[in-house]
Amino acid sequence: MSNLVADGPLRVLVARAVFPDVIEPLRAVAEVETTPDDAIATPEALRQRLADKHGAFITGSERIDAALLDACPQLLVVSTMTVGVDHIDLAACAERGVTVTHAPDVLTETTADFGFALLLAAARQVGEAERYLRAGQWKKWSVDLFAGADVHGATLGIVGMGRIGQAIARRAAHGFNMRVLYHNRKRLAAHLEDDLRASYRELPELLCESRHVLLALPYSPAAYHLIGATELAQMQPGATLVNIARGGVVDETALAHALHSGHLGAAGLDVFEGEPAVNPALLAAPRLVLTPHIASSSIPTRRAMAQLAVDNLVAVLQGQPPITPVA
Ligand code: DGY
């Protein structure tokens, strides 16, 4: 069943506070309801706000499910300014003829930069060292003060070799002279492996051969707790784990144990299973750098993500093909 094109004025909800100048072109094709206070609507409030809308501009914090779609019969298009679409029930959208668009490519390099920042910060204990200094605990230079692991020249295992994984591999191989291993649903073409200087491994082999492991895979139910106690035990003693994928990929309690026991050298997390709530076990764990889901958050990139989401909405509402539909 497909939603009908409106005969009256088109209406769009911009569900969060977004750069006003980027949103402006939407006003030429639709009446726009904005969210200046940036409040995250409850599921019920989001249903109410979208009930008479034809288009939705959302972020990863707004969940689009079958119940919401059934309450919003005029909805034609959902445009998320994220690349990840795990907050959208794609099958339910397809069944109801609702087009879904997302924002790939524009955030790849910025997110890869941050993945590397988190890897460096975790391996070199930047977070703990800064807290130590600010707390007035620094009394003398010492040989082993915050002595961490080297990143340059080490083996990096990347789980998820999509656009972001590949951008990280490029930095690692070409900038940091690292040996790069990767695991992916599909093995890359040989010329890409050569270009990235990356070798394919099954997950257990990748975990046991890598000094540092970085997770950059898209989330699906199959990825739930992909890294649990068993996988953490397969990692090298002293290894580093970095997660810029989704919180659900890592069993957070098992990770906290692996840090407390000393088996894992360090970890860096930008994403959390219950975000914005953070598991207290993580807050209490040592050698762990925590950031609030900001890997794509540079000003130019956040503007580009919002711009692409707006361009997608305008295209679909004008009856043209979306620029970046969810495949
Ligand atoms: C995405 O785009 O999916 C990110 O996680 C949000 O920055």
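Computed from a prediction, not measured in an experiment: that's the story for all the values here.

Here we take up the overall build of the chain. Looking only at helices and strands, the chain features 13 helices and 12 strands. Here the C-alpha atoms of the chain give a radius of gyration of 22 Å, agreeing with the 20 Å that 2.2 N^0.38 yields for 327 residues. Over its C-alpha atoms, taken along the principal directions, the chain stretches across nearly 70 × 50 × 35 Å. Taken across its 327 residues, the chain has 49% of its residues classed as buried. Within the chain, contacts between residues separated by at least 24 positions form 61% of all contacts whose residues are at least 6 apart in sequence.

This part takes up the side chain of Q125. Relative to the assigned elements, Q125 resides in the loop between α5 (108-123) and α6 (126-134). When near neighbours in sequence (up to four residues on either side) are disregarded, Q125 contacts F146, A147 and G148.

Structurally, the position occupied by A66 is in helix α3 (residues 66-71). What makes A66 partly exposed here is its relative accessible area of 26%. The spatial distance from the C-alpha of A66 to the C-alpha of A92 is 5.5 Å, given a sequence separation of 26 residues. In this structure, A66 is in contact with D89, A92 and R96, ignoring residues within four places of it in sequence.

Further remarks concern the pairing of strand β3 (residues 55-58). Side-chain alternation along β3 places G55 and F57 on one buried face and A56 and I58 on a second face that is also buried. Strand direction decides the pairing type here: strand β1 (residues 11-14) and β3, joined by 3 bridges, are parallel. Looking across to β3, one finds that L13 is bridged to A56. In this structure, β3 lies alongside strand β4 (residues 77-80), joined through 4 bridges in parallel fashion. Bridge pairing in β4 places I58 opposite T80. Traced from β3 through α3 to β4, the parallel crossover comes out right-handed.

Attention now moves to the nonpolar core. By size, the foremost hydrophobic cluster in this structure holds 56 residues, and its most contacted members are L26, F57 and I168. Elements that contribute at least two residues to this core include exactly β1, α1 (20-23), α5, β6 (155-159), α7 (163-175), β7 (179-183), β8 (198-200) and α13 (299-317). In this structure, F57 is in contact with L13, V14, A15, V18, I23, S79, M81, A306, A309, V310 and L313, ignoring residues within four places of it in sequence. The next biggest cluster of nonpolar side chains, apart from the first, holds 29 residues, and it includes V213, A223, A254 and F272.

It is worth spelling out the UniProt feature "domain: D-isomer specific 2-hydroxyacid dehydrogenase catalytic" (unreviewed entry) in the chain at this point. UniProt tags residues 12-326 as "domain: D-isomer specific 2-hydroxyacid dehydrogenase catalytic" (unreviewed entry). Segment residues 12-326 splits into 36% helix and 15% strand. End C-alpha atoms: 19 Å apart.

Turning next to the site of the ligand. All residues adjacent to the ligand are T82, V83, G84, L107, R246, H293, S296 and R302. Here an oxygen atom of the ligand sits 2.7 Å away from a polar atom, N or O, in the side chain of S296. Calculation on the ligand without its partners gives an accessible area of 230 Å², and the protein chains cover 86% of this total. Across the shell around the ligand, the residue classes tally to 2 nonpolar, 4 polar and 2 charged.

Conventions adopted
Residues numbered from 1 in each chain as written. Predicted model: local features only at pLDDT ≥ 70, side-chain atom pairs only at ≥ 80, totals over all residues. Heavy atoms only, no water. Helix = DSSP H or I, 4+ residues; strand = E, 2+ residues; numbered from the N terminus. Rg over C-alpha atoms; globule rule 2.2 N^0.38 Å. Buried < 20%, exposed > 50% of the residue type's maximum accessible area, 1.4 Å probe, protein only. Contact = heavy atoms within 4.5 Å. Pairing = 2+ DSSP bridges. Right-handed = clockwise from strand over helix to strand, strands pointing away. Core = buried A, V, L, I, M, F, W, Y, C linked by side-chain atoms within 4.5 Å. UniProt positions renumbered as here; feature names shortened; annotations may be inferred. Near = heavy atom within 4 Å. Polar contact = N/O pair within 3.5 Å; in protein donor to acceptor, adjacent residues only side chain to side chain. Areas by Shrake-Rupley, 256 points an atom, 1.4 Å probe, with all protein chains shown as cover. Nonpolar A, V, L, I, M, F, W, Y, C, P; charged D, E, K, R; others polar.

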